[in-house]
Structures are given as C-alpha cells and as structure tokens.
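Observations on the three-dimensional arrangement
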Amino acid sequence: MEHGSYQDQSASTFSLADEDHTLANSLRFTLNQDPRVTLCGYSIPHPSEARVNIRVQTTGDPANEVLKDSCQDLMLICQHVRSTFDQAVAEFKNNNGVENQ
C-alpha cells in the first residue's frame, strides 16, 4: 500500500504486509545505491505486527517507480548470489570427491 501525495509523487511511504527487517534492510540498501534517491528509511510500527513502512524521497522521479527498480535490482543481486553459491558448492564437491546428493 502506498501512502503519498498525488501532487508530489517524488515522496511516498510504502507499507508492506507480512515482511520484516530482512526485506526492509535489503531494500533500503538497494534504494540508497540509486542516485535518484535523496532519502530512504524504514520502520516497523510494532514488533508484534508483521508490517514494514518504507519511506522513499527522490530527486523528482516517481517514488513508486524507483521502488520497483530497486526491487528488480535486489532480485538480480539475489540471483547472482544464488548462482555463485551453487557454482562454489559444485566446485567443492568436484574437487573433494563428494558425490551429488
């Protein structure tokens, strides 16, 4: 859910249900790597509630588009980490005579 202004689309707060620090901190990292982002942060309203609020302010681009781009960047990072890990495991098994299980 997006909480923002129709007049100024460069600043919005996004509320993500059923999420925690894992996704929020990763998104904060990728958002802060984007030169279009001037401010980014997140909060968890209450520890017993599985909800994260992410605040994004940009240099002028719509905040929802910047958030979408950051989600795609995060997916690419995760895919790269996964493939690198899988290659390292396969190489380890080949070098140490471990059979595939």
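Below: a short report on this structure. Fair warning: this is a prediction, and the values are worked out from it, not measured in the lab.

Take the packing of helix α1 (residues 21-33) against helix α2 (residues 63-95) next. Interhelical geometry of α1 versus α2 gives an angle of 105° and a closest axis separation of 9 Å. In terms of their interaxial angle, α1 and α2 are classed as roughly perpendicular. When α1 is examined against α2, the residues Leu23, Ser26, Leu27, Thr30 and Leu31 are found in contact with a partner set consisting of Val66, Leu67, Ser70, Cys71, Leu74 and Ile77. Along the lines of polarity and charge, the residues of the contact of α1 with α2 split into 8 nonpolar, 3 polar and no charged.

For the rest of this paragraph, the subject is the pattern of salt bridges. Inspection of the entire model under this criterion finds 6 salt bridges. We note a salt bridge from Asp61 to Arg36, for which the minimum N-O separation is 3.5 Å. Placement of Asp61 in the loop between β4 (51-58) and α2 and of Arg36 in the loop between α1 and β3 (37-43) is noted, with a sequence separation of 25 residues between them. What makes Asp61 partly exposed here is its relative accessible area of 28%. Residue Arg36 is classed as partly exposed on the basis of its relative accessible area of 23%. Three or more residues joined by partner-sharing salt bridges are found here, namely Asp34, Arg36, Asp61 and Asp69.

Conventions we followed
Residues numbered from 1 in each chain as written. Predicted model: local features only at pLDDT ≥ 70, side-chain atom pairs only at ≥ 80, totals over all residues. Heavy atoms only, no water. Axes fitted to C-alpha atoms, helices over the stretch in contact; angles between N-to-C directions. Helix = DSSP H or I, 4+ residues; strand = E, 2+ residues; numbered from the N terminus. Parallel < 35°, antiparallel > 145°, perpendicular 65-115°, else oblique. Contact = heavy atoms within 4.5 Å. Nonpolar A, V, L, I, M, F, W, Y, C, P; charged D, E, K, R; others polar. Salt bridge = Lys/Arg side-chain N within 4 Å of Asp/Glu carboxyl O. Buried < 20%, exposed > 50% of the residue type's maximum accessible area, 1.4 Å probe, protein only.

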